[in-house]
Amino acid sequence: MIYNCDLPCSFFLSLLSVLGSSVVFIQQPHDLVVVAGQPVTLPCSITGYHGTVLWVKDGLALGVNRDMSGYPRYDVIGDHSKGEYHLLIQRTELTDDGSFECQAIQAATRSRPARLTVLVPPDDPVIIGAPVVSLRAGDSLNLTCHAENAKPAASIIWIRNGEVLNGAAYTKTLLRDGRRESTVSTLHISSSNIETGQQITCRASNKAAPNGKEATVTIDIQHFPLVNLSVEPQPVLEGNLVKFHCAAKANPPVTHYRWAKGGNMITDATGDTYEVLVDHSFFTEPVSCEVTNALGSTNISRNVDVYFGPRLAAEPQSLQVDRGSDAVFSCAWIGNPSLTIVWMKRGHGVVLSNENTLTLKGVRQEDAGKYVCRAVVPRVGVGEKEVMLTVNGPPSISSTQTQQALYGEKGQIKCFIRSTPPPDRIAWSWKETVLESGTSGRYTVETVSTEDGVISTLTMSNIVPADFQTIYNCTAWNSFGSDTEIIRLKEQGNNQFTPGSVFSSGSLRLAVIIGVAVGAFLALIVLIGTLGAFCCARLQRSKSLLSYLAFRKLPPLSGKPLTLSGQDCKDLIF
């Protein structure tokens, strides 16, 4: 029952004020602060008073004397004979918060008002996303913590590794009852200041919970696979076994491995290890390992330090250039370790270049030939590539100037011609005869092309002494010019003097000269002075005279009678 003492009671108390003039409060209620759920006692002791005692809350009567039937948690305790009317509130609630008075009704006396303040601790704080908050690597972290239904409003702090994190933002909201409040705190942490596995605590506290209540969240940073690709052993000689190991850390876990070489899939490798016998291609074509998890894939690749001998990367090309122009050859090799390049002309020991490029300035015809680009990988191997330099220019004839044949047999004279472009014309000439091809009398010309040039052969059937006396001319022409070679024929392997061999050699000519001189000397002894004319007539009919004519290189007989001058006779006699 609630008693309202504003009008009737005040009048009644006025009537009894005289009666209660000796009533004294020994104990009066005083301001108290209590945490909801705890008991509290408001003291009230009145001496010399045996009338009715009334407890009033916020102006409303709670009950008379010990009758608190309307408030089951309320009870009036103490020794009534001693005037003790203490108000006991069990398990205080927020509704108990207010102003209390103890009143002696008949004495018209009231205690001073006492303020009972009921504190309410916050509910257990809640972190949005707890117990585990996941985020991608590189993203910043935003944590939100709620502390509800607190009186007064809860204060929230964030703690990591025992240290308070500053910079959080707070908001407070008053609830409908007008007494409790809710607090929301938001904490921002940059990506550089957060690590996976860290625990961050939200602690909410107020006067009702000075030690605070906590909620903890674990940070789970998810990331693409972090991959390290190792290759063992290195360096390694071509043809040996190599092991690739793809070590990956990933959150979420790895779901798949994929291997490739030079961009081409390796279908027989599926796990984190790949073994293979390596060749030179592993030096230029990297092996890659792609690791995949729920977020995506990471690909990493490695080349193998394979030792291998030289291999052509750019093949040199043969050249055909005009005489006087520059010739530039290029070749490129790969090898490991580093290789050395050497350019040389085939058959010559001179190093022309150690670069990929060989430049020949203003080439001459003698520069034509085979050139070699050689690459050396120390202690591993050697490789080389040959090219041909062809020089456009006049023909060049390089035949033996004196060639041999047997008297009475078939003989040949050969003319070797180097010519780029090939010769347009080749001709043999001797005396008044010119023959380019085919047969003329005893003479036949044949031309054969070879890899090194052109061979033109003049064949003579039934060699006669005059053939050894004749000068033969081999001439070749092309669009750049011509070249000529004079060739003589020498009798082969016979030095015996015979009539048919008079003109065969210089030694036989010497013998003839000696014979003529001896005959002339004998004729001088036998025929003195006056017999000169007779001697001249005799000499005209003798073989000695023929030898003499040959020695003097007079014109050959034409079928007309031979006439000698007086000087010729003198020469013969003396």
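Let me sum up the structure you'll find in this document. Within each chain, residue numbers correspond to sequence positions counted from 1 in written order. Whole-chain, interface and lining totals are the exception, using all residues; otherwise, since this is a predicted model, local features are given only for residues with pLDDT of at least 70 and side-chain atom pairs are given and counted only at 80 or more. Neither water nor hydrogens contribute to the side-chain values; these are computed over all heavy atoms in the structure.

1. Points about the overall build of the chain
This is how it is decided: The helix and strand labels rest on DSSP assignments: H or I over at least four residues marks a helix, E over at least two residues marks a strand, and numbering proceeds from the N terminus. Burial classes follow relative accessibility: with a 1.4 Å probe on protein chains only, a residue under 20% of its type's maximum area counts as buried, one over 50% as exposed, and anything between as partly exposed.
Tallying secondary structure elements over the chain gives seven helices and 46 strands in all. Put simply, the chain has 574 residues, and 39% of those count as buried.

2. Thoughts on the nonpolar core
To be explicit about the condition: Only buried residues count toward a nonpolar core, which is a set of Ala, Val, Leu, Ile, Met, Phe, Trp, Tyr and Cys residues joined through side-chain atoms within 4.5 Å.
Within the largest apolar cluster, 28 residues are counted, with the highest numbers of intra-cluster contacts made by Ile-46, Tyr-49, Trp-55, Leu-87, Phe-100 and Leu-116. Only strand S2 (32-35), strand S3 (40-42), strand S5 (53-57), strand S6 (60-64), strand S7 (74-77), strand S8 (86-89), strand S9 (98-104) and strand S11 (114-119) provide two or more residues apiece to this core. Among the elements that take part in this core, S5 stands out by supplying four residues, more than any other. In terms of nonpolar packing, the next biggest core, distinct from the first, is built from 23 residues, Ile-127, Trp-158, Ile-200 and Val-217 among them.

3. Quick notes on the state of the cysteines
What counts here: Throughout, disulfides are identified as pairs of cysteine sulfur atoms within 2.5 Å of each other.
For the structure on display, the rule yields five disulfides. Between Cys-145 and Cys-202 runs a disulfide, and the two sulfur atoms are separated by 1.9 Å. Note on the Cys-145 and Cys-202 pair: the S-S dihedral is about -80°, so by sign convention the disulfide is left-handed. Of this pair, Cys-145 sits in strand S14 (residues 141-150) while Cys-202 sits in strand S19 (residues 199-206), and the two are 57 residues apart along the sequence.

4. Side note on the pattern of salt bridges
Our working rule: In the sections that follow, a salt bridge refers to a side-chain nitrogen of Lys or Arg positioned within 4 Å of a carboxyl oxygen of Asp or Glu.
The full count for this structure, using the stated rule, is 21 salt bridges. With its nearest N and O atoms 3.8 Å apart, the salt bridge here joins Asp-124 to Lys-213. In this pair, Asp-124 is assigned in the loop between S11 and strand S12 (126-127) and Lys-213 in strand S20 (residues 209-232), connecting sequence segments 89 residues apart. On the basis of relative accessible area, Asp-124 is assigned to the exposed category, the value being 56%. Arg-180 is paired through a salt bridge with Asp-177; the nearest N and O atoms lie 2.5 Å apart. A relative accessible area of 26% places Arg-180 in the partly exposed class. When its relative accessible area of 33% is taken as the criterion, Asp-177 is described as partly exposed. Overlapping salt bridges, with partners in common, bring together Arg-346, Lys-370, Arg-374, Glu-384 and Glu-386 in one network.

5. Considerations on the sheet that holds strand S32 (residues 340-345)
Basically, it comes down to this: When DSSP finds two or more bridges between a pair of strands, those strands are recorded as paired. As a rule, the C-alpha atoms of each element are fitted with a line to give its axis, helices using only the stretch in contact, and angles between N-to-C directions run from 0 to 180 degrees.
Taken in spatial order, the five strands make up an open sheet running S29-S36-S35-S32-S33, and their pairing is mixed. Of all strands in the sheet, those bounded by a partner on one side alone are strand S29 (319-322) and strand S33 (351-353). Each strand of the sheet is rotated relative to its neighbour by a mean of 35°, with strand direction disregarded. Direction of pairing for S32 relative to strand S35 (residues 369-377): antiparallel, over a ladder of six bridges.

6. Some words on the pairing of S7
Because side chains alternate across S7, one face comprises the buried residues Tyr-74 and Val-76, and the other comprises Asp-75 and Ile-77, none of which is buried. Bridge count for S7 against S8 is four bridges, and the pairing is antiparallel. Paired with Ile-77 across the strands is His-86, a residue of S8.

7. Quick notes on the sheet that holds strand S37 (residues 396-397)
Reading across from one edge, S37-S39-S44-S43-S42 is the order of the five strands in this open sheet, with antiparallel pairing throughout. Here the strands that pair on one side only, and so sit at the sheet edges, are S37 and strand S42 (438-440). By the bridge criterion, seven bridges tie strand S43 (residues 443-449) to strand S44 (residues 454-460) in an arrangement that is antiparallel. What sits directly across from Val-445, in S44, is Leu-458.

8. Some words on the environment of Phe-283
For clarity, the threshold we go by: In what follows, residue pairs with any heavy atoms lying within 4.5 Å of each other are defined as contacts.
If you trace the backbone, Phe-283 turns up in helix H2 (residues 281-284). Distance in space between the C-alpha atoms of Phe-283 and Glu-238 is 9.7 Å, their sequence separation being 45 residues. Beyond its immediate sequence surroundings of up to four residues, Phe-283 is in contact with Asn-303, Val-304, Asp-305, Val-306, Phe-308 and Asn-336.

9. Things to note about a nonpolar patch on the surface
Counted only if it meets this: For patches, a residue must show more than 30% relative accessible area and have no salt bridge; joins then use 9 Å for like charges and 5 Å for nonpolar side chains, namely Val, Leu, Ile, Met, Phe, Trp and Tyr. Where accessible areas are quoted, they stem from the Shrake-Rupley method and a 1.4 Å probe; at the residue level, only the protein chains shown are allowed to cover.
Together, Ile-157, Val-164 and Tyr-170 make up an exposed nonpolar region whose accessible area comes to about 260 Å². Among the secondary structure elements, Ile-157 is positioned in strand S15 (residues 155-160). Look at Ile-157 and you get partly exposed, because its relative accessible area is 32%.

10. Some thoughts on the side chain of His-223
Residue position: His-223 is located in strand S20. The exposure class of His-223 is buried, given its relative accessible area of 18%. With near-sequence residues (within four places) excluded, His-223 lies in contact with Ala-137, Lys-249, Ala-250, Asn-251, Asn-293 and Leu-295.

11. Observations concerning the pairing of strand S25 (residues 273-277)
The alternating pattern of S25 places Tyr-274 and Val-276 on a buried face, while none of Thr-273, Glu-275 and Leu-277, on the opposite face, is buried. In this structure, strand S22 (residues 241-251) lies alongside S25, joined through five bridges in antiparallel fashion. Looking across to S25, one finds that Leu-241 is bridged to Leu-277.

12. Some points on the packing of aromatic side chains
We count it as follows: When the centres of two rings from Phe, Tyr and Trp lie within 6.5 Å, Trp using its six-membered ring, the rings pair. Their planes under 30 degrees apart give stacked, over 60 give edge-to-face, and anything left gives tilted. Two conditions define a charge located above a ring, namely a distance within 6 Å from the ring centre to NZ of Lys or CZ of Arg, and an angle within 35 degrees of the ring normal.
According to the stated counting rule, one finds nine aromatic pairs in the structure shown. Consider the rings of Trp-259 and Tyr-274, whose centres lie 5.8 Å apart with planes at 40°: the pair is tilted. Highlighted residues: Trp-259 in strand S23 (residues 256-261) and Tyr-274 in strand S25, separated in sequence by 15 residues. Across the pair, Tyr-274 and Trp-259 agree in class, each one buried. Aromatic pair Trp-430 and Tyr-472: ring centres 6.1 Å apart, planes at 45°, arrangement tilted. Here Trp-430 is found in strand S40 (residues 425-430), whereas its partner Tyr-472 is found in strand S45 (residues 471-478), with 42 residues between them in sequence. Summarising the burial analysis for this pair, Trp-430 and Tyr-472 share the class buried. An aromatic cluster is defined as three or more aromatic residues linked by ring pairs; in this entry it consists of Phe-244, Trp-259 and Tyr-274. The ring of Phe-282 carries Lys-261 above its face, with NZ or CZ at 4.7 Å from the centroid. Positioned over the ring face of Trp-477 is Arg-425, at 4.4 Å from the centre of the ring.

13. Topic: unusual backbone geometry
Glycine aside, negative phi is the norm for most residues, and most peptide bonds take the trans geometry. Note the cis peptide between Lys-151 and Pro-152, where omega equals -5°. Here Pro-152 lies in the loop between S14 and S15. Look at the link from Thr-420 to Pro-421: it is a cis peptide, with omega at 0°. You can see Pro-421 is positioned in the loop between strand S39 (411-418) and S40. At Lys-431, a residue that is not glycine, the phi angle is positive and equals roughly 50°. The class of Lys-431 is exposed, set by a relative accessible area of 67%. Positive phi, normally seen in glycine, also occurs at Asn-462, with a value near 55°. With relative accessibility at 44%, the residue Asn-462 sits in the partly exposed group.

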